[in-house]
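Here's the letter readout for the chains.
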Amino acid sequence: MNRRLFVFLLLVTMVVGAAVAAQEQDSVCNGEQWLDDGGKHINAHGGGVLKYGDTYYWFGEHRTDHSFVTLVGVRCYASKDLINWRNCGVALSVVDEKGHDIERGCIIERPKVIYNKETGKFCMWFHLELKGRGYDAARYGVAVADRPEGPYEFLYSQRADAGKWPLEFGERELAVVDTLNEANYKKWWTPVWRKSVDEGLLVKRDFDSGQMSRDMTLFVDDDGKAYHIFSSEENLTLHIAELTDDYLHHTGRYTRVAPAGHNEAPALFKHNGTYWMITSGCTGWEPNEARLFSASSIWGPWTQHPNPCRGPLAEKTFGGQSTFILKLDDGRHIFMADIWHPRRLSDSRYIWLPISFEGSLPILQWRSTFQPLIDK
Ligand code: DGJ
């Protein structure tokens, strides 16, 4: 090819590429690639959205093509219409210091950011697994920034609520816990084992070192109190833990939801005074049937309801797994989920659906396209 022709073709490619990249999209196309302002598939998996001012910020796991571990960190994108997203880069970066909690090669999952009005800080919480330890560490991590898009400064990571019993454990429950011994329950999933987990077998096991903390979300209530909701006790039981006023620590007050129920991927919202939680079962990257719970107090008791999904693949959450529920200014809620592609996690897709009500229960009706700020 002569040089002139080459330069011409290169220019054409660049102009067409830029035009495609800059093209505005008019709806969310569920399960498709979702391009950012640079024309690249959005890389913000297991994420959540925060509105600050007139802008929405989407935070999520930067996933790579061939690895399960975190090689980059947490990404941030910004949008005014929840459809077209500007890539704001890496909000929280892994580090190269050997032995650091967020050393490159650790696993950072399901980051969520909330804004603290009192301190003016953006507080990021995430599930953290230490480098080289698989999913053994089961910690949460906390990072903080002065601007929504970061950069976030890593503060600490640890297990949850060491030395604290759940709120509902009174004298009677503690007397039962006292009798529990892990050595007596070598076989899982038997009725006696399930009963012992329900009674606090694993809470007791991890009482001194802290409770396991994996899949997670954050929820800020109308009164400004914030809560960390996470899969604990070997992913068998969800914990809801209250945060301190600065949103940077647990207060030590927590409750357990669905003991031995095996829930992951919690996402929470509040509607007309009722707290609703959507979760998944535990099948790794494979989709399963969504679960729905409600309570009139964040501290429970929580009641389980039937699967809220309607439409094709409703029994598998449309091929996805819950990650977050975004509240819009008009009071409506958007359900966010991930369709995981474990062979190439960076290409994992997204599902965003409006939450509507059927009688007194929330439902998720499948739709392939969605305009978040317009469609009801
Ligand atoms: C299911 C969890 O929901 C995901 O966040 C991730 O941890 C995968 N398991 C890993 O298998």
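Summarised in this report is the structure supplied together with it.

Cut-offs applied
- Residues numbered from 1 in each chain as written.
- Predicted model: local features only at pLDDT ≥ 70, side-chain atom pairs only at ≥ 80, totals over all residues.
- Heavy atoms only, no water.
- 1 Å grid on protein atoms, 1.4 Å probe; cavity = no way out; pocket = protein on both sides within 12 Å on 5 of 7 lines; lining within 4 Å.
- Points joined across faces, edges and corners; volume = space filled by probe spheres on them.
- Helix = DSSP H or I, 4+ residues; strand = E, 2+ residues; numbered from the N terminus.
- Nonpolar A, V, L, I, M, F, W, Y, C, P; charged D, E, K, R; others polar.
- Pairing = 2+ DSSP bridges.

## Considerations on the layout of surface pockets
Consideration 1: Its volume calculated, the largest pocket comes out at about 960 Å³.
Consideration 2: In terms of lining, the largest pocket is formed by 33 residues, of which the most central are Leu 50, Ile 114, Val 220, Asp 221 and Lys 327.
Consideration 3: Elements with a minimum of two residues in the lining of the largest pocket: β2 (45–52), β6 (107–116), β10 (216–220), β14 (264–271) and β19 (321–327).
Consideration 4: Here the lining of the largest pocket gets 5 residues from one element, more than from any other, and that element is β6.
Consideration 5: Here the lining of the largest pocket is composed, by residue class, of 17 nonpolar, 4 polar and 12 charged.

## What about the sheet that holds strand β21 (residues 349–358)?
Consideration 1: Ordered by their spatial adjacency, 5 strands build an open sheet running β18-β22-β21-β20-β19, and the pairing between neighbours is mixed. Sheet topology places β18 (309–310) and β19 at the edges, where each strand pairs with a single neighbour.
Consideration 2: The pairing of β21 with strand β22 (residues 361–365) spans 4 bridges and is classified as antiparallel. Bridging across to β22, Phe 357 finds its partner in Pro 362.

## Here's the deal with unusual backbone geometry
Consideration 1: A cis amide bond links Gly 150 to the next residue, Pro 151, at an omega of 10 degrees.
Consideration 2: Structurally, the position occupied by Pro 151 is in the loop between β8 (139–145) and β9 (153–158).
Consideration 3: Note that the residue after Gly 300, namely Pro 301, is joined by a cis bond; omega there is 5 degrees.
Consideration 4: Among the secondary structure elements, Pro 301 is positioned in the loop between β16 (291–295) and β17 (303–305).
Consideration 5: The backbone of Arg 110 sits at a positive phi, close to 55 degrees, despite the residue not being glycine.
Consideration 6: Of note, the phi angle at Ala 265 is positive, near 55 degrees, even though the residue is not glycine.
Consideration 7: If you trace the backbone, Ala 265 turns up in strand β14.

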